[in-house]
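Chain by chain, the residues run as shown.
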Amino acid sequence: MQANIVLLPGDGIGPEVVAAAVRVLKAIETKFGHTFTFTEELIGGCSIDKHGVALTDSALKACQAADAVLLGAVGGPKWDDPTAKERPEKGLLALRKGLGVFANLRPVKAYPNLTDASPLRPEKLTGVDMVVVRELTGGVYFGEPKGRDTVNGVTRAVDTMAYTDEEIRRIVDMAFKLAGGRKKKVTSVDKANVLESSRLWRQVTAEVAKNYPDIKMENMLVDTAAMRLVSNPAEFDVVVTENMFGDILTDEAAVLSGSMGLLPSASLGSGGPGLYEPIHGSAPDIAGKGIANPIGTILSSAFMLRYSLKLEKEAAAVEAAVEKTIASGTLTADLGGKANTKEVTESILSNL
Ligand code: IPM
Ligand code: MG
C-alpha cells in the first residue's frame, strides 16, 4: 500500500523518539512491500519560535490531507510563561480539534519483567491490562466561556466544562465497541455527585449500554477511580471518561506499566486521519541526550498501522518485536536499564 504520513516531532525528546519510530516504519515498509511517504511539519515551541504560532494553518492542512499523523511531544521551560499569549500546548489542542479526533485510546498494561520499575507491589500488577478511552475534543479543555477579566480590581479566571449528548454518545459507544473485543467490561468515570455535565454523561451512558447487553457496565466517581487504579488496577478493562479526567487518570495509570515512556496512544475521529502520539511529554531534562525511551512512540506507530492504514499484520509484528525487546531486558534508564534510544530501537528492529 501507499500512505502519506505527516511527522510532527515537536519539542524536547519529540524529535528523538519520532526518528526512532520512523526507522521502525521504514523497516516495515521494506519487509512488507509498502510505500510510506513522510513529510515533516512544526508544532509547539519550535513552531512558535519560527512562525509565532504553535501550529500554522498550512501545517494543520498538511495533517488533514495525510493518511495519518505521528507526533512526538510539545512544550518546555522556554515557553512556560503563564502570561504568554501563545503556548506550545495550544498547537496540540488545535490539531486535535482540527482533525476531529474525539477519541483518545490509551492502553495500559503491566509487563511481567518490569514490575520492579513500578512503585506498586508485583502482586497488584498481575493481570493489569486496560484501555482508557479519553474524550479528546470537548469538556473543560474547549468549553466556552473561557478567559479572564478584571472588575473593580478583582481578577477572575473561568473555564467551562461542557458536553452535548452527541459528544458523550459517540465516545461511550466507541468504548462499548472496544470492550466487545476484550474482557467485555466498561467502567464509565464521572463526577455525577457534583457536576451537571457528569449527570448528562451518566444518563447517556446508560442509554448506550442498553445496545450492548453482553457488556458489563459500571459507573465510578473519578475520585474513587483514582484510588481503585492503584488499589485494584486489575479490575479495569475499558475505562471511558471525559477529557480532563482522562488526562489525569492516564498519567496515574502509567505508573502501573513502570514508565510513562512505554505508553502509546491513538486519537481517532469518524473518518479522517488518525493522530498517534506517546502519552509522555517533551522531557526537557533529558532532551538531546539520546537516552529517551522510544517505545511509547514506536507502539504509537503500530497503532497507526492498525487503525489508519488497516495493516493489522504489520502492527502485530511491531508489537511482538517490542515485547521481545522488553523481555530481553534491553531497557532505557526510566525502566532501570542502561540502554540508550538507539540500542532499544535497534533491538526492536532486530526482533522484527
Ligand atoms: C496529554 C498532555 C496534553 C493534554 C497537554 C500537553 C496539553 O498532557 O496528551 O495527556 O493535557 O492533553
Ligand atoms: Mg496528560
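Here goes a summary of the coordinates provided. No experiment lies behind these values; they were computed from the predicted model shown.

### Details of the pairing of strand β1 (residues 2-10)
With seven of nine residues buried, β1 lies mostly within the body of the structure. Strand direction decides the pairing type here: β1 and strand β3 (residues 68-73), joined by five bridges, are parallel. Its bridge partner lying in β3, Gly10 is registered against Ala73.

### Some remarks on the nonpolar core
Among the nonpolar cores identified, the biggest contains 80 residues, and Phe36 and Leu305 are the most heavily contacted of them. Residue contacts for Phe36: discarding those within four places in its chain leaves Ala3, Ile5, Leu25, Ile28, Glu29, Leu305, Leu309 and Leu311. Counting 17 residues, the second-largest nonpolar core is a separate cluster that includes Ala59, Val69, Val74 and Leu95.

### Comments concerning helix α4 (residues 88-99)
Along an α-helix, residues three or four apart share an orientation, since each turn contains 3.6 residues. In this model α4 runs 17 Å from its N-terminal to its C-terminal C-alpha over twelve residues, within 8% of the 16 Å that 1.5 Å per residue would give. Just beyond α4, the residue with positive phi is Gly100, at close to 65 degrees.

### Some words on the layout of surface pockets
Taken as a whole, the largest pocket holds about 790 Å³ of empty space. As for the largest pocket, its lining consists of 33 residues, and the residues nearest its centre are Glu89, Lys90, Leu92, Leu93 and Tyr141. Of all the elements in the fold, those that place two or more residues in the lining of the largest pocket are β3, α4 and α9 (243-257). Across the lining of the largest pocket, the residue classes break down as 15 nonpolar, five polar and 13 charged. Built from parts of two domains, the lining of the largest pocket gets at least three residues from each of domain 1 (1-102 + 265-352) and domain 2 (119-257). In this structure, the second largest pocket occupies an estimated 490 Å³ of space.

Quick notes on the rules
Per chain, the residues get numbers from 1 upward, laid out in the order the sequence is written. Here the convention is simple: chains get letters from A, ligands get numbers from 1, in the order in which they are written. Selection of residues for local features in this predicted model requires a pLDDT of at least 70, selection of side-chain atom pairs for listing and counting requires 80 or more, and totals for whole chains, interfaces and linings are taken over all residues. Values reported for side chains reflect all heavy atoms of the structure, with hydrogen atoms and water molecules removed beforehand. Think of it in three bands: residues with accessible area under 20% of the maximum for their type are buried, residues over 50% are exposed, and the middle band is partly exposed, with areas taken using a 1.4 Å probe on protein chains only. A run of DSSP states H or I qualifies as a helix once it reaches four residues; a run of E qualifies as a strand once it reaches two. Both are numbered from the N-terminal end. Here, a strand pair is defined by DSSP locating no fewer than two bridges between the strands. Among buried residues, those of type Ala, Val, Leu, Ile, Met, Phe, Trp, Tyr and Cys that are joined through side-chain atoms within 4.5 Å constitute a nonpolar core. Contacts: residue pairs with any heavy atoms within 4.5 Å of one another. By this rule, a helix spans an expected 1.5 Å times one less than how many residues it contains. Points on a 1 Å grid, built from protein atoms alone, make a cavity when a 1.4 Å probe fits but cannot get out and make a pocket when they are open with protein on both sides within 12 Å along at least 5 of 7 lines; residues with an atom within 4 Å of a point are the lining residues. Grid points are joined across faces, edges and corners, and a volume is the space filled by probe spheres set on the points. The residue classification treats Ala, Val, Leu, Ile, Met, Phe, Trp, Tyr, Cys and Pro as nonpolar and Asp, Glu, Lys and Arg as charged. All others, Gly included, are polar. What marks off one domain from the next here is an automatic or database domain assignment.

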